[in-house]
Every structure is written in structure tokens, then in C-alpha cells.
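# Structure at a glance
What follows is each chain in one-letter form.
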Amino acid sequence: MATLTKLRRTAAQPATARRPVRRAAYGAVVAVVVLNLVAALFTGSGEPGTDQDVVVAGVDATTAALPLTTTYTTIDGAPPDPAPQRTTTGLVVHPVRETPVHDAPGGTPLARLPRTMLRDVGDTWVPVIEQQAGWLRVLLPSRPNGSTGWIRAADVTEARTPYLITVHLRSKKLRLEKDGQVVGTWKVGIGKPATPTPAGRTFLMAAFRDPNQAFSPVILPLGTHSPTLDTFGGGPGTVAIHTWPTADVFGTETSDGCIRVPAEALKKLIDVPLGTLVVITED
């Protein structure tokens, strides 16, 4: 298992076209992408997973033709999360190669987990929710919400994140913990009744900086989607955490499903490594 230092080193490193939001003191370097890649996630331009160049040895043509599990895709037959409110040990994994996702240990392959979620965004990190000999059950970023799958333990790098993010929908609060200690609790804005923020377990999937928009200096997409909207502005309907220009939205149900947080909260959240568990509860 990788140490927290290893998690920092194996996260995406800045390239010429991007620079890090901030280097976490303990964990992953959060990748940052300029406007065109923010647009790719939220407006649907761009192609997820097209830079995957390594497939698990011995995968047959049928498996190779399976869809990539990304925020753009729906994985039919993916097992639902058996405990959508349960926390984990903090174990997160990054595939060292494009790896098949199965419906059970040694079962039918349903999809392929890419090494990166979107071209140039950064490494894929997903949380582990269950383990069996040689196999890991992980949360997937695809629809339907709460999708899971089993991957081979031999195909990933392991690390642990000390963080946990909990969003309480009824009280409209977000709590950030580190090593079981509360870092902060903030009032947040959530989805309108017609476009609710989905409850359940998900994870911090990516992080973007878009200097050409004013509503949030950093956007943190999650591995979950609007349950009522197929798209946000032409994109895949990915729910995200971000700030908002006015404070009157905090404590209200006014978004299209995203979680709007105060600037103080975002400053803490950008230190959280990718793959960290996010539990969205109804309370």
C-alpha cells in the first residue's frame, strides 16, 4: 500500500497547459485545467478516456469493447452500492493500467476503469468499499448513481486518505473531517426540489480552475449525477462542489443539484485528495 507521500507523488503532475490548484500537505496534487477542459466536463465537448493506452494483458476483444466507466457513461448491470451511507477505511486506488470492472469477484466484466477520468485532468482515484481475496469493490463515476464494480487488486496502486466529506441535505450543512476530527462545518446551498442533490456515497472525482468564469475559482466534480436532469449545459449532469458569488444561497435549495459552499470551505476542500469519500445524507 502506498503511503500518503506516495499518494502525492502518484497523483497527476502539472503539465504545460495546467498548474496545480494547491499542493495538499498530506496527499494528492489536485490537477487543474484551463477553460477548455472545464467546458469539456460541463458542456460535453471533449472525449473522456481517449488517452488510455494500456489494457490488461489477456483481455479478449469482447472485454476490450466494453465502455469506459467515466462521468459520461452509463454502466448497465453495475451492482448498486449495498451501504450508501456507510463510511470506509479511507482506502483509495489508482489503476496502473486500464482494467476491467466486474459485477462480482471473477465475474462478468461490465466496463473498463481508465487510468484518467478525462484527458489531461489527472489520475483516476476511486474509493474502496469492500475487499475479497485479490479483489476490490469500488465506487464508479458513471450512471446510475451508486454504481459499483469489482477490480483486481493487482491492477491498482493503493493509498489512504485521512479525509471524509459529509453533506447533510435536510440541515444543509457540509462537514469536513480529517483523521476523525472535524476540520469545519458550513451551511451550504443544495438542489431545488425539482433538481435535487442526490443522496448516497460518492467521491471527489476531479478539480478544475476556470479563470474565465466568476461563480467559483475552483470546481470539484463528484462521481454522481443529477437524478432529474440528463445534462447541465449540454454536459453529463455531473454534480459538483463549488462556491457562489452571493452568500444568500447558503442554507437554501436553489441549485440544479450542485453543492454551493462558502469560500472558506472551498479553501479547505481543495486540500482533499482525489478519491476521498463523500457521503450525502438525507438528514
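Structure report, in brief. (Residues numbered from 1 in each chain as written. Predicted model: local features only at pLDDT ≥ 70, side-chain atom pairs only at ≥ 80, totals over all residues. Heavy atoms only, no water.)

## Focus on the sheet that holds strand S12 (residues 200-203)
- Ordered in space as S10-S9-S8-S17-S12, the five strands form an open sheet in which the pairing is mixed. Sheet topology places strand S10 (181-187) and S12 at the edges, where each strand pairs with a single neighbour. Taking each pair of neighbouring strands and ignoring which way they run, the sheet shows an average axis angle of 20°. (Pairing = 2+ DSSP bridges. Helix = DSSP H or I, 4+ residues; strand = E, 2+ residues; numbered from the N terminus. Axes fitted to C-alpha atoms, helices over the stretch in contact; angles between N-to-C directions.)

## Some details on the pattern of salt bridges
- If you walk through the whole model with that rule in mind, you get eight salt bridges.
- With a closest N to O distance of 2.5 Å, Glu98 and Arg112 form a salt bridge. With Glu98 in the loop between strand S1 (91-95) and strand S2 (99-102) and Arg112 in strand S3 (residues 109-113), the pair connects residues that are 14 residues apart, well separated along the chain. Of the two residues examined, Glu98 and Arg112, each falls in the buried class.
- Where Glu177 meets Arg175, a salt bridge forms, and the shortest distance between an N and an O atom there is 2.8 Å.
- Judged by relative accessible area, which is 13%, Glu177 ranks as buried.
- The exposure class assigned to Arg175 is partly exposed, which follows from its relative accessible area of 23%.
- Among the charged side chains, a salt-bridge network with shared partners connects Arg97, Arg152 and Asp155. (Salt bridge = Lys/Arg side-chain N within 4 Å of Asp/Glu carboxyl O. Buried < 20%, exposed > 50% of the residue type's maximum accessible area, 1.4 Å probe, protein only.)

## Topic: the nonpolar core
- Membership of the largest hydrophobic core comes to 29 residues, with the highest contact counts inside it found for Leu174, Ile259 and Val261.
- Of all the elements in the fold, those that place two or more residues in this core are strand S8 (163-168), strand S9 (173-178), strand S13 (220-225), strand S14 (238-242), helix H4 (263-269) and strand S17 (277-281).
- Apart from the residues lying within four places of it in its own chain, the contact partners of Val261 are Leu174, Val188, Ile241, His242, Thr243, Trp244, Phe250, Leu266 and Leu269.
- Core analysis: the next-biggest nonpolar cluster, separate from the first, contains 23 residues, Ala78, Val93, Val101 and Ala111 among them. (Core = buried A, V, L, I, M, F, W, Y, C linked by side-chain atoms within 4.5 Å. Contact = heavy atoms within 4.5 Å.)

## Observations concerning the side chain of His102
- Mapped onto the secondary structure, His102 falls in strand S2.
- On the basis of relative accessibility, which here comes to 6%, the residue His102 falls in the buried class.
- Setting aside residues no more than four positions away along its own chain, His102 makes contact with Gly107, Thr108, Pro109, Leu110, Trp135, Gly149, Trp150 and Arg152.

## Remarks on the environment of Thr238
- Inspection of the secondary structure puts Thr238 in strand S14.
- In the structure, Thr238 is positioned 19 residues away from Gly257 in sequence and 8.8 Å away in space, judged by C-alpha atoms.

## Remarks on the packing of aromatic side chains
- All told, the structure shown has one aromatic pair when counted by the stated rule.
- With a centroid separation of 5.8 Å and 45° between ring planes, the pair formed by Phe215 and Trp244 is classed as tilted. Taken together, the residues span a long stretch of sequence, with Phe215 in the loop between S12 and S13 and Trp244 in the loop between S14 and strand S15 (253-255) at a distance of 29 residues.
- For Trp244, a relative accessible area of 30% puts it in the partly exposed group.
- It is Arg260 that lies over the ring of Trp244; its NZ or CZ is 3.7 Å from the centre. (Phe/Tyr/Trp six-rings, centres within 6.5 Å; stacked < 30°, edge-to-face > 60°. Lys NZ or Arg CZ within 6 Å of the ring centre and 35° of its normal.)

## Let's talk about the sheet that holds strand S16 (residues 259-260)
- Strand order in this open sheet of three strands is S13-S14-S16, and the pairing throughout is mixed. Across the chains shown, the open sheet's two edge strands, defined by having one partner strand only, are S13 and S16.
- Looking at chain direction, S14 and S16 are connected through two bridges and run parallel. Note that in S16 the partner of Ile241 across the bridge is Ile259.

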